[in-house]
Amino acid sequence: MGEEAHAKPAAGSDLTDDGFLGERLKILQPAKGHRSGLDAVMLAASVPAIHGERALDVGCGAGVAALCLARRVQGLEVRGIDIQAGLVALAGENAARNGLEERARFIEADVAAPRGALSEKDCPPHSFDHVMANPPFYAPGTTWTPPDAGKSTAHIAEGADLALWVDFCCAMARPKGTVSFIHRADALGGLLGAIGTKLGGLVIYPLWPAPGKAARRLLVQGIKGSRAPLAMLPGLVLHGEEGGFEPEAEAVLRHGEALDFSVS
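A few points on the structure. Only a predicted model underlies this, so the values are computations on that prediction, with no experimental measurement involved. (Residues numbered from 1 in each chain as written. Predicted model: local features only at pLDDT ≥ 70, side-chain atom pairs only at ≥ 80, totals over all residues. Heavy atoms only, no water.)

## Details of the packing of helix α6 (residues 162-172) against helix α7 (residues 188-195)
Applicable threshold: Axis definition: a line fitted to C-alpha atoms, limited for helices to the stretch in contact. Angles are taken between N-to-C directions and run from 0 to 180 degrees. Helix and strand definitions here come from DSSP, where helices need a minimum of 4 consecutive H or I residues and strands a minimum of 2 consecutive E residues; each element is numbered from the N-terminal end. Oblique is the label for any angle not under 35 degrees, not over 145, and not in the 65 to 115 range, which are roughly parallel, roughly antiparallel and roughly perpendicular in turn. Put simply, a crossing is left-handed when the front helix is turned counterclockwise from the back one by less than a right angle, and right-handed when it is turned clockwise. Note on contacts: a residue pair is in contact if any heavy atoms of the two residues lie within 4.5 Å. For this classification, the nonpolar set comprises Ala, Val, Leu, Ile, Met, Phe, Trp, Tyr, Cys and Pro, the charged set comprises Asp, Glu, Lys and Arg, and every other residue, Gly included, is treated as polar.
The interhelical angle for the contact between α6 and α7, taken along N-to-C directions, is 50°, at an axis separation of 9 Å. Classed by the angle they form, the pair α6 and α7 counts as oblique. In this structure, α6 meets α7 at a crossing whose hand is right-handed. On α7, the residues that touch Leu 162, Ala 163 and Val 166 of α6 are Gly 190, Leu 191, Ala 194 and Ile 195. Class assignment of the residues belonging to the contact of α6 with α7 gives a composition of six nonpolar, one polar and no charged.

This is the structure:
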């Protein structure tokens, strides 16, 4: 489900130079291993951030979701954390090459580590208006393990299960802040169980691959401290019958528009 249709090798490296948001972002990513695509763009588009707020991307990888959000929302301060030092450095380079280094910073950190250490890195708990994450999709032993170590770390939760990721994300959000996840549709029960009462006003937003096809990804967003009921939105159909992106999906992927999470 990648969105970087025009990926090409970066000269003299094991990286590719990929275009996002209609080439308004140029992102270096590892040629092998975990690579961000449509999921990251949709996650960023779900965040209702405005000028002057702070957002955190947990498990930021090379910075795709964080930088998509920073590009869309002028005046937004973005932080990203990841356990892989190489990806953190690459995310910082991507921020600089897109002119976003003043508003987007990336930090090496582990969601399983003591949170107090993050305060020393200008990333204290309970301080973000918005937190977003694309957590590892599988627990150890439940799926085939990719041979690439980076891809395995991104997709399989070694030492940090889904409940720990959810707890970390909720702890980093301020009261009344939003927390947004993108996850497997068949894992919705586990995600909602991990969220429990930490978030309210939950909104579930399916991403349908095509008309009549079952959703494989869901966006789930909640508000810290809210007691509002859960809502299921119609979601977004990605591809039409001819195979190309539907206009609404095109608006997000190519033109950087936000998704509408309003509940009528």
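## Remarks on helix α2 (residues 64-72)
The condition is simple: Relative accessibility under 20% of the residue-type maximum defines a buried residue, over 50% an exposed one, and the middle range a partly exposed one, all with a 1.4 Å probe and only protein chains included.
For α2, the buried fraction is high: seven of the nine residues fall into the buried class. For α2, the set of buried residues is Val 64, Ala 65, Ala 66, Leu 67, Cys 68, Leu 69 and Ala 70.

## Observations regarding the pattern of salt bridges
Pairing is possible between side chains of opposite charge, provided their charged atoms come close. This is how the line gets drawn: For this document, the term salt bridge refers to a Lys or Arg side-chain nitrogen within 4 Å of an Asp or Glu carboxyl oxygen.
Under the definition given, this model contains 13 salt bridges. The shortest N-O distance in the salt bridge between Arg 97 and Asp 17 comes to 3.1 Å. Of this pair, Arg 97 sits in helix α3 (residues 85-97) while Asp 17 is found in strand β2 (residues 15-20), placing the two residues 80 residues apart along the sequence. Looking at Asp 17, the relative accessible area reads 14%, which means it is buried. Arg 174 serves as the salt-bridge partner of Asp 129, at 2.6 Å between the closest nitrogen and oxygen. Placement of the pair is Asp 129 in strand β7 (residues 128-133) and Arg 174 in strand β8 (residues 173-184), with a sequence separation of 45 residues.

## So, the pairing of strand β10 (residues 217-224)
To be explicit about the condition: Criterion used throughout: strands pair if DSSP finds at least two bridges between them.
Of all the eight residues making up β10, seven are buried; the element is thus mostly covered by neighbouring parts of the structure. As paired strands, strand β9 (residues 199-208) and β10 are joined by seven bridges and run antiparallel to one another. Across the sheet, Tyr 205 pairs through a bridge with Leu 219, a residue of β10.

## Structural notes on the nonpolar core
We apply this condition: We call a set of buried residues a nonpolar core when its members are Ala, Val, Leu, Ile, Met, Phe, Trp, Tyr or Cys and they connect through side-chain atoms within 4.5 Å of each other.
Among the nonpolar cores identified, the biggest contains 45 residues, and Met 42, Leu 69, Phe 106, Leu 219 and Leu 259 are the most heavily contacted of them. Those elements that place two or more of their residues in this core are β3 (25-30), α1 (38-46), α2, α3, β6 (104-108), β9 and α8 (247-253). Residues within four places of Met 42 in sequence aside, it is in contact with Leu 207, Leu 219, Leu 236, Leu 238, Val 252, Leu 253 and Leu 259. Residues Val 58, Phe 128, Phe 181 and Leu 188 belong to the second largest nonpolar core, which totals 30 residues.

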